[in-house]
Amino acid sequence: MGKWLGMGLARAFLVGFLLALAAAVPASAADDVGQGPPAPWVHELAIPKPRPARMREVEDGVYYLLSDTQIRPAHDSEVFFRRNVYLVTDRSGLEEAARLDVDFDPSFEHVVLHRIHVIRHGQVIDRLPDANVRVVERESDLDNGVFDGLKTVHVEIKDVEVGDVVDLEYSWEQRSSFWPGEFFGDITTEWSVPEEETHYRLLWPADRTLTIRGRNTKIVPSKTREGDDISYEWTNIDAALIPGEDGTPDWYPTWGTVELSSMTSWAQVVNWALPLYAVQGDLPPELAARVDAIAKKYPKPEDRITQAMRIVEDELRYVSIDIGTQSFTPRPPAEVFRSGYGDCKDKSELLVAMLRRLGVEAYVALTDTKNGPALPQMAPAANIYDHAIVEVRLRGRNYWIDPTSAHAGGRFPDIAPVDYGYGLPIVPGQTHLDRMTPIFPSAPTYRTVERYILSGDAQPSLGLTVATTYTGDQADTMRNSVASKSLAKLESDYLDFYQGLYPGIARDKPLRVVDDREANRLTTYESYSLSAGQVRHDKLLGRFPVKASSLDDYNKVPSGVRKTPYQLAANVNKAHVIVVVTPGHAPPAPKAVDIDGAAFHYTLDTVRDGDTLTLTYRLVGKADAVAKAADVSGIADDAQNVTDGNYWYLDLNSTAGGTMGETPMPLRRIVLMLAGLVAAVLAAGAAAFALRIGIAADEAYAQDGVFYPVALRKFLLMNLATAGLYAVFWMWKCWRWQRTYGRDPMIAPFWRAVFAVVWLHPLFEEASRLARFGRHLRLAAGLCALMLVLWEIVALGLGAAHMVVAMVVMQGFAFIWTLPVAIAVNRLNTGRPEILRANSRTSDLTGLAVAGGLLAWIALLAPAILFGPGKGLLG
């Protein structure tokens, strides 16, 4: 219904600044293009100078300096003046900078070009006389069955270079008897790219009311009396850039808008539309007979409504011819039915005529598929709608029907709900918009059951069956998909998905579709198998993926700070059931999940019955949009938790059962917890006792050695037995020697041993200084120190990823990077063999240390045994 009138280079951010103009009854208009000066009432504005600070924000090589719109409505015509001035900053802007496109309806509009100037180095070059001007006809929405009859003035401007300023002026005049004396317009007040000055001027009769409605903007007009008119002017200079955000609802004015209308109430819009939507003429005899047969067969109004819907939706294809009067006026029902096609208003008018003949109260209602939720905030106007539907009033309730639906199922009123926000029924005396109450389905409209069955063989094969049931709007959508795709294509798409999870899986049976349209229930059945060899080849038994793939409605919710609302999926109510049958086995299952957030409620329940594990997922939406930008981040966190909970790896070899990450047997858990606690206490006691003895040991000969030499064999054995704790003890002894005999009282041996990852290299540097080692040994030790740092980072990362076992093992073997330093210390004591022998002997203390080390291993591994490695390790 609206029309774009502007140049091709004006990006989407300028669309709100141009007026949404209505098509109308054709008058004396020509489809050629005139040339001449603008109207005398047009004010000439100075071209703003570019701001260097803004140049770096320019996109696509075009810097907008001035966007000027001036309008003077009259009773029988309206004149719209438009001026665009822009600087070409880069080669990327040349193509669009050198052309102008103006769309117009030749049935009631006429275009006049006033100016095409190219300003180069301060010199004005007039390009209007030699401009290549063509008028072309192109139906941009023809593939969707829409014919708008628009033509385009296409102008190619000669000789435009980078650095030029292009100054374009043109006007178009509307002569329409469609809504004489009425005016509707809108202004966009901010942009996503730099614009130096935006100017909008409206000359409006002083004796008439003008409705001005600003949304998400504080800009207000200045008013000046000019004869019998008032000049309203909106000027915005160097407006702040407002970047767009993904997922913002269409109804939200990100860049701010000001809406203008000569109408002051919705009642005026209704009064304007009443003559247009009065049912024109009787139904054709053949259709009247069918309607009368419906009335005779079905006494209930619900059944009558259903049968009438079937005729309009199934037998009339969608074609929209928005030319002249047909832009807003529906064709007579008889003509629509006999032609076999119609657009939204044609089909709505026809359905209303049929329902009234059946004794049902029904009216055409105007709505907007994009801005419907925001209609109450908008200025009442006759041109802000893009869609017509039907409102049925039955037993004190209002129902909404969209007759352009295809393949819709169910019986009224149990049909897919229509929710465009608000609608305006064309009813005498109607003074307000009616809310289309959101209807969130109480039961799942999508339910899929995946059943995985392993054969009971030693080398099992896998069978998979999938049954998916669609109801409500999901059934309508799937019915459309089945109709638009071949079954072979659907089969291929489904097989591709499962082959992504289980390579080599094959389809056992053809896809089967069972459609109960009356109940609006459609079910698809799939069957697959995977050979034992492929199961073994892909090691699926130990790491079997299961994925609730259908619950992805919220997986793209953005995180971080946001300034605009976010559009959510509508009418979400889904269930996904995964059944895994493992004869003789019982794989641990995921923990139950319950996320009850602002946008949705998500649950995961687990049930085990013998060798059968059932995971039941539910996802129920609570809202179609998040109104407060600050709330989006919290929803993003919930959405991420849903994504994490939808994908698991199961160990099908396991017989343990229970919850994934936990040991299912309570007694075993208690025993292991006590064993880990006792081991930790004993290990701590052994370590304290060994430390006390170690402090007093070797005092007689320690001062004759350097650091703490020990045989390599004992160094390795003790570290393996003690989970690397011996390396910490060894480092402590070395630094204690340095403090005591190297006379460095500032050294803290305990902390240097604990933070060996930092002090390993300084220890080697000190040993190198004393022994005068060669450069190659110092380099080797430096590399080892670096590797120890990286080793610890990886170990910590594994712990953060819940890979507990891997982290513990890495920590237990971190001592290998201290080996070069231990060897260097031994070489430093080459001339003191008695010291090396004394430190390398085995004793009761050595046995005690080994026992304590083994207890330390148990204490370290107990958490992994108790709680499992989590999803990040082995499934």
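Residues numbered from 1 in each chain as written. Predicted model: local features only at pLDDT ≥ 70, side-chain atom pairs only at ≥ 80, totals over all residues. Heavy atoms only, no water.

Running from amino to carboxyl end, helix H4 (residues 285-297) crosses helix H5 (residues 301-315) at an angle of 150°, the nearest separation of the two axes being 9 Å. In terms of their interaxial angle, H4 and H5 are classed as roughly antiparallel. As for the relative orientation of H4 and H5, their crossing is right-handed in sense. Contacts from Leu287, Arg290, Ile294 and Ala295 in H4 reach Arg304, Gln307, Ala308, Ile311 and Glu315 in H5. When the residues that make up the contact of H4 with H5 are grouped by side-chain class, the tally is five nonpolar, one polar and three charged. (Axes fitted to C-alpha atoms, helices over the stretch in contact; angles between N-to-C directions. Helix = DSSP H or I, 4+ residues; strand = E, 2+ residues; numbered from the N terminus. Parallel < 35°, antiparallel > 145°, perpendicular 65-115°, else oblique. Left-handed = near helix turned anticlockwise from the far one by under 90°. Contact = heavy atoms within 4.5 Å. Nonpolar A, V, L, I, M, F, W, Y, C, P; charged D, E, K, R; others polar.)

This part covers the sheet that holds strand E21 (residues 387-394). The five strands lie next to each other as E22-E21-E20-E23-E24, forming an open sheet whose pairing is antiparallel. Strand pairing shows two members of the sheet lacking a second neighbour, strand E22 (397-401) and strand E24 (434-435), which therefore form its edges. Pairing analysis gives three bridges linking strand E20 (residues 361-367) to strand E23 (residues 422-425), with the strands arranged antiparallel. Bridging across to E23, Thr367 finds its partner in Gly423. Strands E21 and E22 of the sheet are contacted by H5, whose axis makes an angle of about 165° with E21. (Pairing = 2+ DSSP bridges.)

Here strand E15 (residues 229-237) lies mainly inside the structure; seven of its nine residues are buried. When strand E12 (residues 195-205) meets E15, the two strands line up antiparallel, connected through nine bridges. In the sheet register, Glu197 faces E15, and the bridge partner there is Ile237. Across five bridges, strand E14 (residues 222-226) lies against E15 in antiparallel orientation. Within the sheet, the bridge partner assigned to Thr224 lies in E15 and is Ser231. Counting the residues that bridge the hairpin from E14 to E15 gives two residues, and of these Gly227 lies at a positive phi of roughly 65°. (Buried < 20%, exposed > 50% of the residue type's maximum accessible area, 1.4 Å probe, protein only.)

Secondary-structure assignment places Arg82 in strand E3 (residues 77-88). For the buried Arg82, no salt bridge is present, and the opposite-charge side chain at shortest range is Glu195, 6.2 Å distant. At 3.1 Å, the side chain of Arg82 and the side chain of Asn84 are in polar contact. (Lys, Arg positive; Asp, Glu negative; His and termini not counted. Salt bridge = Lys/Arg side-chain N within 4 Å of Asp/Glu carboxyl O. Polar contact = N/O pair within 3.5 Å; in protein donor to acceptor, adjacent residues only side chain to side chain.)

What follows covers helix H7 (residues 344-357). An α-helix turns once per 3.6 residues; consequently, residues spaced three or four apart project the same way. If you check H7, its first and last C-alpha atoms are 20 Å apart, about what 14 residues at 1.5 Å a residue would give, namely 20 Å. With twelve of its 14 residues buried, H7 lies for the most part within the structure. Positioned one or two residues after H7, Gly359 has a phi angle of 85°, which is positive. (Expected span 1.5 Å × (residues − 1).)

This next bit is on unusual backbone geometry. Here the bond from Phe412 into Pro413 is cis, since omega is 5°, no more than 30 degrees from zero. Assignment of secondary structure puts Pro413 in the loop between E22 and E23. Residues other than glycine seldom take positive phi values, yet Asp238 does so here, at roughly 50°. Mapping Asp238 onto the fold places it in the loop between E15 and strand E16 (257-261).

Here H5 crosses H7 at 150°, and the two axes come no closer than 10 Å. Looking at the two axes, H5 sits roughly antiparallel to H7. Note on packing geometry: the crossing formed by H5 with H7 is right-handed. Counting all contacts with H5, which are made through Ile305, Ala308, Met309, Ile311, Val312 and Glu313, the residues of H7 involved are Lys347, Leu350, Leu351, Met354 and Leu355. Split into classes, the residues belonging to the contact of H5 with H7 amount to nine nonpolar, no polar and two charged.

Topologically, Pro510 is positioned in the loop between strand E27 (506-507) and strand E28 (512-516). Each C-alpha atom, one on Pro510 and one on Glu491, is 7.5 Å from the other, the two residues being 19 residues apart in sequence. Setting aside residues no more than four positions away along its own chain, Pro510 makes contact with Glu491 and Tyr525.

Going through the model one piece at a time under the given rule, you end up with 18 aromatic pairs. Connected via pairs of aromatic rings, a cluster forms that spans Phe80, Tyr170 and Trp172. Against the face of Tyr647 rests Lys547, its NZ or CZ located 5.5 Å from the ring centre. The ring of Tyr446 has Lys574 sitting right over it, with the charged end atom 5.4 Å from the ring centre. (Phe/Tyr/Trp six-rings, centres within 6.5 Å; stacked < 30°, edge-to-face > 60°. Lys NZ or Arg CZ within 6 Å of the ring centre and 35° of its normal.)

Residues at a pLDDT of 70 or more form 80% of the protein, whose mean pLDDT is 82. Confidence over residues 1-31 falls short of pLDDT 50; this stretch has 132 contacts with residues more than four positions distant or in other chains. Confidence over residues 866-875 falls short of pLDDT 50; this stretch has 34 contacts with residues more than four positions distant or in other chains. (pLDDT = per-residue confidence, 0-100.)

All right, on to the environment of Ser320 then. Its location among the elements puts Ser320 in strand E18 (residues 320-321). The spacing of Ser320 and Cys344 is 24 residues in sequence and 7.7 Å in space, taken between C-alpha atoms.

Quick look at the pattern of salt bridges now. Side-chain pairs of opposite charge can arise where the charged atoms are in close proximity. Per the counting criterion, the structure on display carries 43 salt bridges. Residues Glu44 and Arg83 are paired through a salt bridge, measuring 3.7 Å at the closest nitrogen-oxygen approach. Placement of the pair is Glu44 in the loop between strand E1 (33-35) and helix H1 (52-55) and Arg83 in strand E3, with a sequence separation of 39 residues. Judged by its relative accessible area of 2%, Arg83 is buried. We note a salt bridge from Arg54 to Glu57, for which the minimum N-O separation is 2.9 Å. Taken together, the shared-partner salt bridges in this structure form one network comprising Arg120, Arg127, Asp130, Asp159, Glu161 and Asp164.

The strand order across the open sheet formed by three strands is E11-E16-E13, and the pairing between neighbours is antiparallel. If you trace the sheet from one side to the other, it starts and ends with strand E11 (184-188) and strand E13 (211-215), each paired once. Mean inter-strand twist for the sheet, computed between neighbouring axes without regard to direction, equals 15°. Looking at chain direction, E13 and E16 are connected through five bridges and run antiparallel. Within the sheet, the bridge partner assigned to Arg213 lies in E16 and is Glu259.

Before going further, it helps to spend a moment on the pairing of strand E9 (residues 151-156). Along any regular strand, the residues point their side chains to alternate faces of the sheet. Across the six residues that make up E9, a large majority, five, are buried. Relative to E9, strand E4 (residues 99-104) runs antiparallel, the two being bridged by six bridges. In the strand pairing of E9, Leu100 is matched with Val155. Examined bridge by bridge, strand E7 (residues 132-137) and E9 share six bridges and lie antiparallel to one another. Counted as the bridge partner of Asn132 is Glu156 from E9.

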